[in-house]
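Fold and contact review
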Amino acid sequence: MTTHEQQEQQEQDVKLFFSSHLLEWYHGQKRDLPWRRHRNPYYIWISEIMLQQTRVDTVIPYFNRFIERFPTVESLADAPEEEVLKCWEGLGYYSRARNLQHAARQVKELYGGQVPDDRDAVFGLKGVGPYTAGAILSIAFNRPEPAVDGNVMRVLSRYFLLEDDIAKGPTRVKMERLAAELIPEGEASYFNQALMELGALVCTPKSPRCLPCPVMEHCAARLAGCETSLPVKTKAKPPRPEERLAALVTGSGEHAGRVLIRQRPQSGLLARMWELPHWPAPPAEGGAAGALLPEAAALDRLRRSLRQAGIFARPEGHWTAAEHTFSHIVWTLQVYTCREEDAPALPLAAEARASYAAAGAAEPPVELFEGGSGHPEDGGAVRWINREDMESYAFPNVFLKLLNRYFDEAEQQES
DNA sequence: AAGTCGGGGGC
DNA sequence: GCCCCAGACTT
């Protein structure tokens, strides 16, 4: 046998060792997760969409509620979109929910309500990319397809000491080829889950638990002592800060005891979710970025933004500040309590024109809803709600917390 | 290839 | 604070 052939044989042995030991470990260590109790392709599919960029512990309660409310593909396909969004409330990446329902309608109409088991069909479902397609095909149907996510790339980077940047596209393709080679005959479902389970429980990003690892013996990174410096991944850009003024408008007259909420536009950030109205804060005088706007200026700006949006209310004072972090933006919301007022006798357009004229040409126009086209169906719908009504609207977490806190405080003041 | 899309847990 | 998570989609 040549040296080259010996080397190849050794690589094969290391791969076989990995696959067999990992599989055996999985059968002893796998967690009891709701979507693992039956091999139901619909359950697998829902769980995989929820698990995109989201931890198992976070997903479990959402999954259980979702399956209870939408037990079948058809029930999901036929549901009102707001109900799907409400089920997703707080889970983030809300386009996942909309895409999921779109895909449920695809499955209902194209495949008779049965989740398809062939590659092209699964890939064609909205919201299903390379990872999720591989996960559905392998976990639900035991097809020998790779399912390469962050866990898998981390595990493979370490075991095979691969220094490719996992943030780059081609790296995933390379990992998929490798992961496909590793699948033992007829064991795609368990093996792919085992790979991810190892990444979640043992081969963690920081301080991996190498001693109990079933494949430590041949882990190249461990042998080289560099397991904590893998995988290589370029840093994400820091999110840009955005200062915003938010209005907590309490109703008077027929709206007494209620708070004003607004719906976001059809597309983009937090699409179709409900929120307290808010607008970009003008830069503070003196120009220092992040400097706090003087209260009087904020109150005045908010009053005009509200009026421009057709809301007649008087900002009264600063209530609280709240932060909300997205992947690419950080909102700092300065929340002001505002009191609903009677609409003025003058029509809004005339009011607005007079307001601009009085302010002079230097006054910047305040958009009705930035990013929107101005059409009502693009968002901007408003409602006056009490605490019980919150059941009917889906809110991003920051507004969920603000509203709950407000209603708590209002209740305490009554008693 | 880079930007857009949430939110939380772990350290 | 920072990192990353069972990623997909758009440009």
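Residues numbered from 1 in each chain as written. Chains lettered and ligands numbered in written order. Predicted model: local features only at pLDDT ≥ 70, side-chain atom pairs only at ≥ 80, totals over all residues. Heavy atoms only, no water.

1. Side note on the nonpolar core
Nonpolar side chains in soluble globular proteins tend to be buried together. Inclusion rule: Take the buried residues of types Ala, Val, Leu, Ile, Met, Phe, Trp, Tyr and Cys, join any two whose side-chain atoms come within 4.5 Å, and each joined set is a nonpolar core. Each residue's exposure class comes from its accessible area (1.4 Å probe, protein chains only) as a fraction of the maximum for that residue type: buried when under 20%, exposed when over 50%, partly exposed otherwise. Helix numbering and strand numbering both begin at the N terminus, where a helix is a DSSP run of H or I of at least 4 residues and a strand a DSSP run of E of at least 2. In this document the domain limits rely on a domain assignment from an automatic tool or a database. Should any heavy atoms of two residues lie within 4.5 Å, those residues are counted as being in contact.
In terms of nonpolar packing, the biggest core is built from 65 residues, with Tyr 42, Trp 45, Phe 66 and Phe 395 touching the most fellow members. Top contributing element to this core by residue count: helix H15 (residues 397-414), with seven residues. Shared between two domains, this core holds at least three residues of each, these being domain 1 (10-229) and domain 2 (240-414). When near neighbours in sequence (up to four residues on either side) are disregarded, Phe 395 contacts Glu 89, Gly 90, Ile 261, Met 273, Trp 274, Glu 275, Ile 385, Met 390, Leu 400 and Leu 403. Counting residues in each nonpolar core, the second largest holds 40 residues, with Ile 44, Tyr 159, Phe 191 and Val 215 among its members.

2. Some thoughts on the layout of surface pockets
This is how the line gets drawn: Throughout, the protein atoms alone are placed on a 1 Å grid, and a set of points is a cavity if a 1.4 Å probe fits but cannot get out or a pocket if it is open with protein on both sides within 12 Å along at least five of seven lines; lining residues have an atom within 4 Å of a point. Grid points are joined across faces, edges and corners, and a volume is the space filled by probe spheres set on the points.
By volume, the largest pocket is sized at about 1,500 Å³. As for the largest pocket, its lining consists of 41 residues, and the residues nearest its centre are Gln 53, Asp 149, Gly 150, Asn 151 and Arg 154. Mapped onto the lining of the largest pocket, the elements with two or more residues apiece are helix H2 (41-50), helix H3 (56-69), helix H8 (130-141), helix H9 (150-159), helix H10 (169-182) and helix H11 (188-201).

3. Side note on the protein's contact with DNA strand B
Here is the rule we go by: Being near a molecule or strand, for a residue, means having at least one of its heavy atoms within 4 Å of it. Definition of a polar contact: a pair of N or O atoms within 3.5 Å, with one able to donate and the other able to accept a hydrogen when the atoms are protein atoms, and with sequence-neighbouring residues admitted only if both atoms are side-chain atoms. Residues are grouped as follows: Ala, Val, Leu, Ile, Met, Phe, Trp, Tyr, Cys and Pro are nonpolar; Asp, Glu, Lys and Arg are charged; all remaining types, including Gly, are polar.
Every one of the 22 residues lining DNA strand B counts as a neighbour, but Tyr 94, Leu 270, His 324, Ser 327 and Asn 397 are closest to it. Among all atoms of DNA strand B positioned within 4 Å of the protein, those belonging to sugar or phosphate total 58%. Contacts to DNA strand B include Arg 55, whose side-chain N or O atom sits 3.0 Å from a base nitrogen. Take Tyr 94: an N or O atom from its side chain is 2.5 Å from a phosphate oxygen of DNA strand B. Where the surface near DNA strand B is concerned, the elements lending two or more residues are strand S5 (313-325) and H15. Of the residues that constitute the surface near DNA strand B, the class distribution is eight nonpolar, ten polar and four charged.

4. Observations regarding the pairing of S5
We apply this condition: We treat two strands as partners when DSSP finds at least two bridges between them.
Two strands pair when backbone bridges link them, and S5 and strand S6 (residues 329-340) are joined in this way by eleven bridges, in the antiparallel orientation. Within S6, the residue paired with Glu 323 across the bridge is Thr 332.

5. Topic: the pattern of salt bridges
Where we set the bar: By convention in these notes, a salt bridge is any Lys or Arg side-chain nitrogen within 4 Å of a carboxyl oxygen on Asp or Glu.
Under the definition given, this model contains 25 salt bridges. One salt bridge connects Glu 341 with Arg 314, and the closest N-O pair in it is separated by 3.0 Å. Residue Glu 341 is located in the loop between S6 and helix H14 (348-359), and its partner Arg 314 is located in strand S5; the two are separated by 27 residues in the primary sequence. Among the residues examined, Arg 314 registers a relative accessible area of 46% and is labelled partly exposed. A single salt-bridge network, built from bridges that share partners, covers Arg 31, Arg 36 and Glu 197.

6. Regarding the protein's contact with DNA strand C
Taken together, 25 residues surround DNA strand C, and among them Gln 53, Gly 127, Thr 132, Asp 149 and Asn 151 come closest. When atoms of DNA strand C within 4 Å of the protein are split into backbone and base, the sugar-phosphate part holds 67%. The contact in question runs from a base nitrogen of DNA strand C to an N or O atom on the side chain of Arg 31, over 3.5 Å. Glu 48 places a side-chain nitrogen or oxygen 3.2 Å from a base nitrogen of DNA strand C. Residues that form the surface near DNA strand C fall into these classes: eight nonpolar, seven polar and ten charged.

7. With respect to the packing of helix H1 (residues 3-29) against H11
The criterion, for reference: The angle between two axes is taken between their N-to-C directions and runs from 0 to 180 degrees, where each axis is a line fitted to C-alpha atoms and a helix contributes only its stretch in contact. Angle categories: roughly parallel below 35 degrees, roughly antiparallel above 145, roughly perpendicular from 65 to 115, and oblique for all the rest.
Their axes nearest at 9 Å, the elements H1 and H11 cross at an angle of 75 degrees. Taken together, the axis directions place H1 and H11 in an arrangement best described as roughly perpendicular. Taken together, the residues of H11 that come into contact with H1 (itself represented by Phe 18, Ser 19, Leu 22, Leu 23, Trp 25, Tyr 26, His 27 and Gln 29) are Tyr 190, Phe 191, Gln 193, Ala 194, Leu 195, Glu 197, Leu 198 and Leu 201. Looking at the contact of H1 with H11 residue by residue, the classes come out as eleven nonpolar, four polar and one charged.

8. Comments concerning unusual backbone geometry
In this model, Leu 230 is joined to Pro 231 through a cis peptide bond whose omega is 0 degrees. Its location among the elements puts Pro 231 in the loop between helix H12 (220-224) and strand S1 (240-250). The phi dihedral of Tyr 93 falls on the positive side, at around 45 degrees, and the residue is not glycine. For Tyr 93, a relative accessible area of 45% gives the class partly exposed. Even without being a glycine, Leu 161 presents a positive backbone phi close to 50 degrees. In this fold, Leu 161 is placed in the loop between H9 and H10.

9. Side note on the packing of H2 against helix H6 (residues 95-111)
Heads up, the rule is: Should the near helix be turned anticlockwise from the far one by less than a right angle, the crossing is termed left-handed; should it be turned clockwise, right-handed.
Between H2 and H6, the least distance of the axes is 11 Å, while the angle of their chain directions is 155 degrees. Of the possible angle classes, the one that applies to H2 and H6 is roughly antiparallel. In this structure, H2 meets H6 at a crossing whose hand is right-handed. Contacts between H2 and H6 involve Trp 45, Ile 46, Ile 49 and Met 50 from the first element and Arg 96, Leu 100, Ala 103, Ala 104 and Val 107 from the second. Taken together, the residues of the contact of H2 with H6 break down into eight nonpolar, no polar and one charged.

10. A look at the confidence of the model for chain A
For the record, the criterion: The quantity known as pLDDT measures the predictor's confidence residue by residue, on a range of 0 to 100.
Per-residue pLDDT for chain A averages 90, and the proportion of residues at 70 or more is 89%. When mean pLDDT is compared element by element in chain A, helix H4 (residues 73-78) scores highest at 98, while H14 scores lowest at 51. Every residue in residues 359-378 is under pLDDT 50, and counting partners more than four places away or in other chains gives 29 contacts.

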